[in-house]
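Residue-level structure breakdown
Below, each chain spelled out in residue letters.
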Amino acid sequence: MLRTALRNVFAHKARLLMTVLAVLLGVAFVSGTLVFTSTVSEAFQKSSQKGYADVDVSIHQSYSDTPEGSPPGPAPAPITQRTLDRATQLPGAKSAIGIVSGPAAVSDQDGKLIGDGFSNVGANYYAGEDGKGSDPRYPMKAGKAPRAPGQIALDSGTAERGGYKVGDTVRMSIEGPVHEEKVTGVFTTDNGSVAAGGSLILFDTDTAQKLFAKPGEYTEIHIAAEQGVSEEALKQQAEKILPERAEAITSEELAEDEAKAITSGMDSMKISLLAFAGIALFVGAFIIANTFTMLVAQRTKELALLRAVGASRSQVTCSVLVEAFAVGAVAGLAGLAAGIGIGAGLRSLVGTMGSVPSGPLVIEGSTVVASLAMGIIVTVLAAWLPALRASRIPPVAAMDNVHAAASPRSLVVRNTIGALLTGAGAALVLPATSMEDGMAPMGLGAVLLLIGVFVLTPLLSRHMIAAAAPVLRLFHVSGELAHQNAVRNPRRTAATASALMIGLTLITGLTVIAGGVQQAVEKLAAGSLKADYTVSMAGHTELPPQVEKKLSAMDEVTTTSPLRNATADIGGVAASLTGVNGATIGKLTAPDFQQGGWAGLSDGKKIVVDTETAKSQGWKVGSSFEMTYGDGEKGRFSVGGVYERDATLDGIVVDNSAISSHMSKVADMQVLAKTESGAGAEVKDALNKQLGDNPAILVQDKEDVAEDASQTIDVLLNMVYGLLAMAVVVAVLGVINTLAMSVFDRGQEIGMLRAIGLDRRAVKRMVRLESLVISLNSGVLGIGLGVFLGWAAGELITGLGLDTYTLVVPWGRLGIFLALAALVGVLAASWPAHRAARLDMLAAIKKE
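Quick look at the structure, then. (Residues numbered from 1 in each chain as written. Predicted model: local features only at pLDDT ≥ 70, side-chain atom pairs only at ≥ 80, totals over all residues. Heavy atoms only, no water.)

Further remarks concern the overall build of the chain. The number of helices and strands found in the chain is 28 helices and 24 strands. Dimensions of the chain along its principal axes, counting C-alpha atoms only, are 100 × 70 × 50 Å. For the chain, the residues scored as buried account for 50% of the 848 residues in total. Relative to all contacts within the chain whose residues are 6 or more apart in sequence, the contacts with residues 24 or more apart total 80%. Taking the 70 positively charged and 79 negatively charged side chains of the chain as two groups, their mean positions are separated by 15 Å. (Helix = DSSP H or I, 4+ residues; strand = E, 2+ residues; numbered from the N terminus. Buried < 20%, exposed > 50% of the residue type's maximum accessible area, 1.4 Å probe, protein only. Contact = heavy atoms within 4.5 Å. Lys, Arg positive; Asp, Glu negative; His and termini not counted. Charge placed at Lys NZ, Arg CZ, Asp CG, Glu CD.)

If you look at the biggest cluster of nonpolar residues, it comprises 66 residues, and the most contacted ones within it are V283, F292 and L303. Per element, the largest residue contribution to this core is 13 residues, and it comes from helix α8 (residues 251-298). Discounting residues that sit within four places of it in the chain, L303 has contacts with V296, V316, A390 and I393. One finds I570, W619, V642 and A658 within the second-largest nonpolar core, a separate group that totals 20 residues. (Core = buried A, V, L, I, M, F, W, Y, C linked by side-chain atoms within 4.5 Å.)

A cluster of nonpolar side chains, I816, L820, L823 and L827, forms an exposed patch at the surface whose accessible area comes to about 380 Å². Residue position: L823 is located in helix α26 (residues 811-828). Taking relative accessible area as the criterion, L823 reaches 43% and is therefore assigned partly exposed. (Patch = residues over 30% accessible without salt bridge, like charges linked within 9 Å, V, L, I, M, F, W, Y side chains within 5 Å. Areas by Shrake-Rupley, 256 points an atom, 1.4 Å probe, with all protein chains shown as cover. Salt bridge = Lys/Arg side-chain N within 4 Å of Asp/Glu carboxyl O.)

Moving on, we come to the packing of aromatic side chains. Under the criterion given, the structure shown has seven aromatic pairs. Here the aromatic cluster, defined as three or more aromatic residues joined through ring pairs, consists of F593, W598 and Y643. Its end group placed over the ring of F454, R414 keeps NZ or CZ at 5.6 Å from the ring centre. (Phe/Tyr/Trp six-rings, centres within 6.5 Å; stacked < 30°, edge-to-face > 60°. Lys NZ or Arg CZ within 6 Å of the ring centre and 35° of its normal.)

Counted residue by residue, strand β8 (residues 151-155) has four buried out of five residues, so it is predominantly covered. Bridge analysis of β8 against strand β10 (residues 178-187) gives five bridges, and the strand direction is parallel. If you follow D155 over to β10, its bridge partner there is F187. Sheet topology places β8 next to strand β11 (residues 199-204); two bridges connect them, and they run antiparallel. Opposite A153, over in β11, you have L202 as the bridge partner. (Pairing = 2+ DSSP bridges.)

Spatial strand order, β3-β13-β1-β14: four strands in an open sheet with antiparallel pairing. Both outer strands of the open sheet, β3 (93-99) and β14 (246-250), are each paired with one neighbouring strand and no more. Adjacent strand axes in the sheet meet at a mean angle of 20° when their direction is disregarded. For strand β1 (residues 57-61) and strand β13 (residues 220-225), the ladder comprises four bridges, and the chain directions are antiparallel. Residue pairing for β13: I59 is matched across the bridge by I221. Packed on one face of the sheet, helix α3 (residues 81-88) meets β3 and β13 and runs near 160° to β3. (Axes fitted to C-alpha atoms, helices over the stretch in contact; angles between N-to-C directions.)

Let us now look at the packing of helix α25 (residues 760-799) against α26. The N-to-C vectors of α25 and α26 enclose an angle of 150°; their axes lie 8 Å apart at closest approach. Judged on the interaxial angle alone, α26 and α25 are roughly antiparallel. You can see that α25 and α26 cross each other, and the crossing is right-handed. Here α25 contributes S771, L772, S775, L776, G779, V780, I783 and V787 to the contact with α26, which in turn contributes L814, F817, L818, A821, A822, V824, G825 and V826. (Parallel < 35°, antiparallel > 145°, perpendicular 65-115°, else oblique. Left-handed = near helix turned anticlockwise from the far one by under 90°.)

With that settled, the discussion passes to the environment of L21. Within the element layout of this structure, L21 appears in helix α2 (residues 13-51). Looking at L21, the relative accessible area reads 30%, which means it is partly exposed.

Relative to the elements of secondary structure, G452 occurs in helix α14 (residues 439-467). A relative accessible area of 0% places G452 in the buried class. Sequence separation between G452 and L796 is 344 residues; the distance between their C-alpha atoms is 22 Å. The residues contacting G452, other than those within four sequence positions of it, are G418, L421 and T422.

For α14, which comprises 29 residues, the first-to-last C-alpha distance of 37 Å sits more than 12% below the rise-based estimate of 42 Å (1.5 Å per residue). Largest kink in α14: about 60°, centred on T457, with the proline P458 one to four residues after it. (Expected span 1.5 Å × (residues − 1). Bend = angle between axes of the 7 residues up to and from the residue.)

According to the stated counting rule, one finds 10 salt bridges in the structure shown. For E770, the salt bridge goes to R746, with nearest N and O atoms at 3.2 Å. Taken as a pair, E770 in helix α25 and R746 in the loop between α23 (702-745) and α24 (747-755) lie far apart in primary sequence, 24 residues in all. Each member of the pair, E770 together with R746, is buried.

Set out below in structure tokens:
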């Protein structure tokens, strides 16, 4: 039986090719994801370890002693020159380096920001106490290190992207103000910010301290141990000199923390990519099941003969499963090889973008095992039911030309099961739309609904294809034959349509959800905004108060309000505070007040609060409470208004006068501005000019704010389309495979049609029309089911707090999806139609 199974694999290798390709694509997706994420994780970890190669112990400020949910309290004591001097003299310490860093951005020669805002960092080049030493962290590639004010060094990646060389003058921003500095050197580094696509700018230590801290203060100290001294022993010595609320940590612990953060970030990407790979394999499973079902039907006499000569049912089942195992193993190996290629390609792609450190390709043993196991398990499981059907073929079928077709009773059973599954799915999905924790039941219901509709496809497709009959008659004999072929074998039609239907269901559902979310986010982002412009840092870092003052000094600007963030303790619970100009905020925002309003906020004794915080605290207009600021001071306030939160305002809103004196450093997160003539290109240019054409500052009108929010959704949706394209490709292979096997199955019939006068062109048209109508049937079912699931998910999203969500049915895109389904049908039929037209009439007629 084993030899028989293997012989059958080789005998039907052409018919199994599409099945192998379907599994291969899914496995390649899985293995490519695993190879890529493993490679990137190891590259970042090795880069992190290189960054700590000359560090054994680090001293830095710590908030780890703050209980979770509590405000941070007083700022930690600064790390001063005295601490650095003492660290240098520690027993077992070889050397100590003082580090000071903060946000800094540099523009290219066209004035555009280089690198991602959050990863743009400035730091000091530590040249020792005499200023003449070298910093081992930053070897100079060209020029010399900065040793005086007005001098900087750029990392080689930033210098290349900006087109800078030693001797050039660059424009840069440090927390708002624009500086012009001279490049004295270009260096190489393993710094994580640079590896993530950001930039690193080095200053001399005195300049860096003035910019990012205070003279004589550092943000961190790195200590190197003498030979023979362990990190733990040096850490114990360092703990004796720690300032208040500072901690000492070994380089091994630092590397472990970074490795955990890197692994956590890559795990999120890995899970997302594997989910889409799973979808592709799920779709591929239908193709496998359909292929083996048709192979079993075509080999009825052969299998019956095996039963007649003594093969048991279990032996027949095992022979089919052995064929599936062989197919899965081949597909798994080929998919692994393709996945390694995909991983290498992705690694090279992100490497050219400069966002990942260099490193070797990593192929773990678990990746090899997972890829092979995935290919084999999916294929064997999908072939299980066809194998069971094969074992039930009676020996007497060997004497018949064709084994009995599926009886109407079996279709009734199938339709009953499908109706039960569909009903169960709908019964889970509909109540889940109003549940607070309805994601799990909705997900289960969606799966049951998808399977139920698939099982019901023979019933549904018969009526839908019948509706297309008048159009098919326009193609005369070919159209009539295509209609009869599509409805004659509803099981085969359902199998052909299933994979494409699933892909379109997912794409349509996600499109509907994304459309509603996009509109909701746009409303949240700019819905309550009355200001003409918002001003913020590109990297979402702090703005200096001077920005708001510069804007207020403009004749064109009529109203401004800085937005500041702070924390406080209210009844032992940490609370977020947003500071505003209480006298002007009402002219710049219009939140949806449920109670009260802005009146009295400028007095510094009232607050307005969002509905969720008010509910959790039991507050209403007039409620009074006490809060403790971060510096330990207390203040008493009353509630003046309760509003629905949005993207501009959230939490407790107070006047800036109530919090500024309690902040260790007064800084704004955003400035709202209203101008005399409203938003316009000239006004925007004037605002940018007033701020020194700063590359790190974003000046945005309401359209820009809404566009930023919608662009994020567009990017995510396009990524999802790209990932789901794999499932659609697999579905196309399924249509090609089923049609090709159908042509083989109906070879005698096609030969007879050719013999009585149907020409080759008409045969091709018949196969193409059959494929077209089946694909359109898939499109209608998939789009309809996708819209329903998208609506249900939207209702759940609304219940979870996104009140601005409304159902958006993108009719234009749905029309494109239906047209793509038709195109898939036409293209998928090309090879089977050509094959059908080329059949030898006499050979086909003689075929048993």
